[in-house]
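What the coordinates show
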Amino acid sequence: MAQPPVDSDVDVVILGAGSGGYACALRAAQLGLSVVLVEQDKLGGTCLHVGCIPTKALLHAAELADGARESEQFGVRATFEGVDADRVVAYADGVVGRLHKGLTGLIGSRGITVVSGAGTLTGPHEVTVDGTAYRGRNVVLATGSEPRLLPGIEVDGTRILTSDHALRLDPLPSSAIVLGGGVIGCEFASLWRSFGIEVTVVEALPRLVPPEDAASSAALQRAFRKRGIDVRTGATVESAKATDTGVEVVTGDATLTADVLLVAVGRAPRTEGLGYAEQGVTLERGFVVVDERCATGVDGVWAVGDIVPGLQLAHRGFQQGIYVAEQIAGLVPRPIDERGIPRVTYSRPEVASVGITEEQAVAEHGADGVRTLTYDLAGNGRSQILKTQGFVKLVRKVDGPVLGIHLVGDRVGELIGEAQLIYGWEAHPEDVAPLVHAHPTQNEALGEAHLALAGKPLHTHD
Ligand code: NAI
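Quick look at the structure, then. (Residues numbered from 1 in each chain as written. Predicted model: local features only at pLDDT ≥ 70, side-chain atom pairs only at ≥ 80, totals over all residues. Heavy atoms only, no water.)

**What about the overall build of the chain?**
- The secondary structure content of the chain amounts to 13 helices and 24 strands.
- In summary, the chain has a C-alpha radius of gyration of 24 Å against a globular reference of 23 Å for 462 residues, a match within 12%.
- Oriented by its inertia axes, the alpha-carbon framework of the chain measures out at about 75 × 60 × 40 Å.
- Across the 462 residues in the chain, those meeting the buried criterion constitute 52%.
- In the chain, of all internal contacts separated by at least 6 residues, the share reaching a separation of at least 24 is 64%.
- Looking at the chain as shown, the accessible area adds up to about 21,200 Å², and 51% of this sits on carbon and sulfur atoms. (Helix = DSSP H or I, 4+ residues; strand = E, 2+ residues; numbered from the N terminus. Rg over C-alpha atoms; globule rule 2.2 N^0.38 Å. Buried < 20%, exposed > 50% of the residue type's maximum accessible area, 1.4 Å probe, protein only. Contact = heavy atoms within 4.5 Å. Areas by Shrake-Rupley, 256 points an atom, 1.4 Å probe, with all protein chains shown as cover.)

See the structure below:
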């Protein structure tokens, strides 16, 4: 077969400019490598355009709606009149637009060659875009993910939605069913409820956000119910269809109706039809199999981000991208500890965690080898001021380091940074206990929890 013309010969060709791909490009360029970055859509990928950033903008608008509605509790007179969906979307678009402009400028300033178009892997060291081949000493696959669909449930974008559509709903529906009580399902359920929408969440497993510690799931579920969200766990959606007036969803024991249905049952890796398998890259259930260095079995071919099995999080993608770039440049970076990757669900209340759950810790070290401590946010001044409820739960190895930190409450996502350091540096509670935490902050709750676990409780009872 005739080879397409070879237009370029660089150190790294990266397929996909989402979090994983562009971070790899930036770090590689910084290390003096020549880089071609191929992207069929916009620089920034899912996270920037239809994921982390726009959803968190919507969630901020939701917080303001709740603030207006609940202001009387704080002695402030305000009336909540409603939400202008178009203006909320415009606000989110503004945030995304500014970040996109900044990212585009940054990538340009680092001397990275950006190729617009859909690329396929046509050789172990070759990506072809519209008939032009780009050869690299290394190729990094970073094609990301897309909403997973369920057979028999037809997404039409108006009544049956994925998160891509749910971001731009205008007008807002008056009722919604959310299929899947994972991270996406809980974030949309939360923000829609704040916008005044009647929400039902249907989750097949016995609890919301199932990978989280059971205590976090229970607290979120309680809070959601208190907020008037109809949470149905242990209920599998068997079928769903659009009707003239909305949607009809059948679960094991009920038929539910609403204006719209959001399908949030996970994200599928985008690896089909891209030439990966043909070039010898091993795929398993559509994911690219890699070793702990993010290397595929094919020499010089790496994979990062959502196509690699594990947590599908932007910050994991960034880190993997940087990690691969450094290896290509001949450095010996430390492998990424998946358990040390922080996780935040930005619902109201927020759920955040790092490390392992109590259940996992007990499975690994035995019930006698693990100690836990739960510090209730009721004892934290700042949380009282905010009128939020929740907790800090610590899991430690007896006489050993902190193995897991689990947080629930408004704004606790911002505390995950310290929690991550504690976990990442394998700190013992006794190491954290002497650190001074600013008063009054929610951070203090972390400090208090470690004091208590180190046997020196300050504001808790022995
Ligand atoms: P997910 O895997 O977190 O949750 C999907 C849920 O749907 C599961 O709990 C599953 O049991 C349930 N489910 C599947 N089929 C069902 C059925 N037929 N009936 C009822 N329930 C069913 O996936 P999700 O929420 O779509 O998120 C996708 C990815 O995006 C995740 O990896 C997530 O971590 C990431 N993400 C992260 C965010 C963050 O870090 N804040 C925000 C949004 C997404």
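**Structural notes on the site of the ligand**
- Taken together, 25 residues lie near the ligand, and I184, E187, E203, G266 and V344 sit nearest.
- A204 is positioned with one of its backbone polar atoms (N or O) 3.0 Å from a nitrogen atom of the ligand.
- Between V237 and the ligand, the recorded distance is 3.0 Å, taken from a backbone N or O atom to a nitrogen atom.
- Here the ligand, which alone exposes 850 Å², has 80% of that area covered by the protein.
- Residue contributions to the shell around the ligand peak at four residues, all from helix α6 (residues 183–194).
- A breakdown of the residues in the shell around the ligand according to their chemical character gives 15 nonpolar, six polar and four charged. (Near = heavy atom within 4 Å. Polar contact = N/O pair within 3.5 Å; in protein donor to acceptor, adjacent residues only side chain to side chain. Nonpolar A, V, L, I, M, F, W, Y, C, P; charged D, E, K, R; others polar.)

**Structural notes on the pattern of salt bridges**
- As enumerated under the stated definition, the model contains 21 salt bridges in all.
- Between R69 and D66 there is a salt bridge, with the nearest N and O atoms lying 2.8 Å from each other. Of this pair, R69 and D66 both sit in helix α3 (residues 52–69), three residues apart, which is roughly one turn of the helix.
- When its relative accessible area of 4% is taken as the criterion, D66 is described as buried.
- Note that R87 is salt-bridged to D84, the shortest N-O span being 3.8 Å.
- Residue classification places R87 among the exposed residues on the basis of a relative accessible area of 60%.
- You can call D84 partly exposed: its relative accessible area is 44%.
- When salt bridges that share partners are traced, they join D66, R69, E70, R227, R348 and D410 into one network. (Salt bridge = Lys/Arg side-chain N within 4 Å of Asp/Glu carboxyl O.)

**Re the side chain of T55**
- Tracing the sequence through the fold places T55 in helix α3.
- Relative accessible area serves as the criterion here: at 8%, T55 is assigned to the buried category.
- Among the polar contacts made by the side chain of T55, one reaches the main-chain carbonyl oxygen of G51 at a distance of 2.8 Å.
- Setting aside anything within four residues of it in sequence, one finds T55 in contact with L167, E187, F188 and L191.

**Comments concerning the sheet that holds strand β12 (residues 237–242)**
- Read from one edge to the other, the open sheet built from three strands follows the order β12-β13-β14, with strand pairing classed as antiparallel. Taken across any chain shown, the strands that pair with only one partner, and hence form the sheet edges, are β12 and β14 (255–258). On average, adjacent strands in this sheet sit at an angle of 20° to one another, irrespective of strand direction.
- Summarising the sheet, strand β13 (residues 247–251) and β14 pair through four bridges and their orientation is antiparallel. Note that in β14 the partner of V249 across the bridge is L256. (Pairing = 2+ DSSP bridges. Axes fitted to C-alpha atoms, helices over the stretch in contact; angles between N-to-C directions.)

**Quick look at α3**
- The end-to-end C-alpha distance of α3, which contains 18 residues, comes to 26 Å, matching closely the 26 Å that a straight helix rising 1.5 Å per residue would cover.
- Within α3, the full set of buried residues consists of P54, T55, A57, L58, L59, A61, A62, A65 and D66.
- Contacts made by the buried residues of α3 are with α2 (45–50), α4 (85–109) and α6. (Expected span 1.5 Å × (residues − 1).)

**Description of the nonpolar core**
- The biggest cluster of nonpolar side chains holds 36 residues, and the ones touching the most others in it are L191, W192, V199, L208 and F224.
- Elements represented by at least two residues in this core include exactly α3, α4, β9 (175–179), α6, β10 (198–203), α7 (214–226) and β15 (260–263).
- Here the element with the most residues in this core is α3; it accounts for six residues.
- Leaving out residues up to four positions away in the same chain, V199 has contacts with A176, V178, A189, W192, R193, G228, I229 and D230. (Core = buried A, V, L, I, M, F, W, Y, C linked by side-chain atoms within 4.5 Å.)

**Looking at the packing of aromatic side chains**
- Evaluation of the coordinates by the stated rule reveals two aromatic pairs.
- Relative to W192, the ring of F188 lies with its centre 5.5 Å away and its plane at 55°, an arrangement referred to as tilted. Highlighted residues: F188 and W192, both in helix α6, separated by four residues, approximately one helical turn. W192 carries the same exposure label as F188, and that label is buried.
- One Lys or Arg, R69, reaches over the ring of F80 and ends 4.3 Å from the middle of that ring.
- Its guanidinium or amino end placed over the ring of F74, K387 lies 5.9 Å from that ring's centre, counting from NZ or CZ. (Phe/Tyr/Trp six-rings, centres within 6.5 Å; stacked < 30°, edge-to-face > 60°. Lys NZ or Arg CZ within 6 Å of the ring centre and 35° of its normal.)

**Comments concerning the sheet that holds β9**
- Read from one edge to the other, the open sheet built from five strands follows the order β8-β15-β9-β10-β11, with strand pairing classed as parallel. Taken across any chain shown, the strands that pair with only one partner, and hence form the sheet edges, are β8 (160–161) and β11 (230–233).
- Looking at chain direction, β9 and β15 are connected through four bridges and run parallel. Looking at β15, one finds that A176 is bridged to V260.
- Packed on one face of the sheet, α6 meets β8, β9, β10 and β15 and runs near 165° to β10.

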